[in-house]
Amino acid sequence: MGSPDTELGRDDARETLHYVQLTKSFYMGKYEVTQGEFNSVMGYNPSYFPNCGNNCPVEQVNWHEALKYANELSKLEGLPECFECTGTAPDFTCSLKSTYSKPQDCLGYRLPTESEWEYAARAGTDTAFYNGDITETGRSPLDPNLDVIGWYAGNSSVSYTGGYDCSGWFTGSTTCGTKPVGGKLANAFGLYDMSGNVLEWSYDWYDETYPAGDETTPVIDPYGPGSGSYRVKQGGSWGSDSQNCRSANRDSSVPTSRNGGSGFRLARTKE
């Protein structure tokens, strides 16, 4: 995990290279959870860009809403519910059930841990993006590799009403926003939109430094510190500069925050 000193756009303080060992196989959602999927399970659509359509990623969901959705989907499919949730829509408060020592112990739907997410995003690669290196760090000029795999602040023009004013971001830009999932090149694991479209919530509390781990003594199945103020978000969004869509990039927000650039995809531990 992390990035080498030579990677363009690297955040030196937050991306120290280190070793992690994942001992539990897991499934990862092929796509970000869509507006249509969220609405069918939860009965409402919180998105800032509803005019993008049912096949666009749901956004303006907070971390707790993502866990509540995971629980409701688990219930529908006869799987264990991983979280204790209280409150009414959209203001839920959720936490891992006390019967589980870590999220990977639950066989129902959940958010991926930060390390699971990065492993899935990289799909065996060690470059800035899963299809190669980064050459441009901002919105413009266009980064050619990122343009192939993700919607970001250099290519996210939209024609539907309600788009975000992005005049001046790149040549010809007027309004920008989310796009239907799966519109760019998937990685080697068959996963789409791991760089861009919406930032994705991870399970972990955010810590600026990773847990120490080297090649001989890697950290085993990490799931973040025991407490914190911010939860990890990964993957970049339609409004992110190129450097913030790299596989190693780490973002964070308070778990109750909502914005039109944040969504999620689900994971599930394999039996």
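Scroll up to find the structure this text is about.
Heads up: these notes are all about the structure in this document.

Tallying secondary structure elements over the protein chain gives 4 helices and 13 strands in all. The globule rule puts the C-alpha radius of gyration for 271 residues at 18 Å, and the 18 Å found for the protein chain is close to it. Projected onto its principal axes, the C-alpha coordinates of the protein chain cover approximately 55 × 50 × 30 Å. In the protein chain, 69% of the contacts between residues at least 6 apart in sequence involve partners at least 24 apart. Carbon together with sulfur atoms contributes 47% to the accessible area of the protein chain, which is approximately 11,300 Å² in total. On the protein chain, the mean spot of the 21 positive side-chain charges and the mean spot of the 35 negative ones are 5 Å from each other.

Overall, the coordinates contain 4 disulfides when judged by the stated rule. Covalently, Cys85 is tied to Cys94 through a disulfide, its sulfur atoms 2.1 Å apart. An S-S torsion of about 120° defines the bridge between Cys85 and Cys94 as right-handed. Here the cysteine-cysteine linkages of the protein chain are recorded as 1-2, 3-6, 4-5, 7-8, numbering only bonded cysteines and doing so in sequence order. For the unlinked cysteine Cys245, the closest cysteine sulfur is that of Cys176, found at 13 Å.

The tally for this structure, following the rule as stated, stands at 17 salt bridges. Among the ionic pairs, Arg14 bridges to Asp11, the shortest N-O distance being 3.0 Å. In this structure, the salt-bridge partner of Asp91 is Arg258, at a minimum N-O distance of 3.4 Å. One end of the pair, Asp91, is in strand 4 (residues 91-96); the other, Arg258, is in the loop between strand 11 (251-253) and strand 12 (262-263), with 167 residues separating them in the sequence. Taking relative accessible area as the criterion, Asp91 reaches 51% and is therefore assigned exposed. One network of salt bridges, with partners in common, ties together Asp5, Arg10 and Asp12.

All right, on to the sheet that holds strand 10 (residues 231-234) then. Spatially, the 4 strands line up as an open sheet ordered 11-10-8-12, and their pairing is mixed. What marks the edges here is a single partner per strand, and that holds for strand 11 and strand 12. Inspection of the sheet shows strand 10 paired to strand 11 by 3 bridges, in the antiparallel sense. Looking across to strand 11, one finds that Lys233 is bridged to Asp251.

Moving on to the nonpolar core. Among the nonpolar cores identified, the biggest contains 27 residues, and Phe38, Tyr69, Leu111, Phe264 and Leu266 are the most heavily contacted of them. Looking at this core element by element, the count peaks at 6 residues for helix 2 (residues 63-76). Leave out the neighbours within four places in its chain, and Tyr69 touches Val33, Glu37, Phe38, Val41, Met42, Phe264 and Leu266. Counting 16 residues, the second-largest nonpolar core is a separate cluster that includes Ala120, Leu146, Met194 and Cys245.

Time to look at the packing of aromatic side chains. Both the distance between ring centres and the angle between the ring planes are used here to describe each pair of aromatic rings. Going through the model one piece at a time under the given rule, you end up with 14 aromatic pairs. Judged by centre distance (5.2 Å) and plane angle (25°), the ring pair of Tyr31 and Tyr192 falls under stacked. On the criterion of sequence distance, the pair formed by Tyr31 in the loop between strand 2 (26-28) and helix 1 (35-42) and Tyr192 in the loop between strand 7 (175-176) and strand 8 (199-205) is long-range, its members being 161 residues apart. Note on Tyr31: relative accessible area 35%, which makes it partly exposed.

The antiparallel open sheet is built from 3 strands, whose spatial order is 2-13-5. One side of each edge strand has no neighbouring strand; the edge strands of this open sheet are strand 2 and strand 5 (109-110). Both strand 5 and strand 13 (residues 267-269) contribute to a ladder of 2 bridges, which runs antiparallel. Within strand 13, the position partnered with Tyr109 by the bridge is Arg268.

Analysis parameters
- Along each chain, numbering runs from 1 in the same order as the chain's sequence is written.
- Totals for whole chains, interfaces and linings use all residues, but because this is a predicted model, local features are given only for residues with pLDDT of at least 70 and pairs of side-chain atoms are given and counted only at 80 or more.
- Side-chain metrics in this entry use all non-hydrogen atoms of the structure; hydrogen atoms and water are not considered.
- Here a helix means four or more residues in a row that DSSP labels H or I, a strand means two or more in a row labelled E, and each is numbered from the N terminus.
- Note that the radius of gyration is over C-alpha atoms, with the globule rule given as 2.2 Å times the number of residues to the power 0.38.
- For this analysis, residues touch if any pair of their heavy atoms sits within 4.5 Å.
- Here the Shrake-Rupley method, with its probe set to 1.4 Å, supplies the accessible areas, and only the displayed protein chains count as covering residues.
- His is not counted, nor are the chain ends, whereas Lys and Arg count as positive and Asp and Glu as negative.
- Here the site of a charge means atom NZ of a Lys, CZ of an Arg, CG of an Asp or CD of a Glu.
- Our working definition of a disulfide is a cysteine sulfur pair at a distance within 2.5 Å.
- Salt bridges, as used here, are contacts in which a Lys or Arg side-chain nitrogen is within 4 Å of a carboxyl oxygen on Asp or Glu.
- Residue exposure (1.4 Å probe, protein chains only): buried if accessible area is under 20% of the type maximum, exposed if over 50%, otherwise partly exposed.
- Only strands that DSSP links by at least two bridges are regarded as paired with each other.
- We call a set of buried Ala, Val, Leu, Ile, Met, Phe, Trp, Tyr and Cys residues a nonpolar core when their side-chain atoms join them within 4.5 Å.
- The rule is short: rings of Phe, Tyr and Trp, with Trp giving its six-membered ring, pair when the centres are within 6.5 Å, and they are stacked under 30 degrees, edge-to-face over 60, tilted in between.

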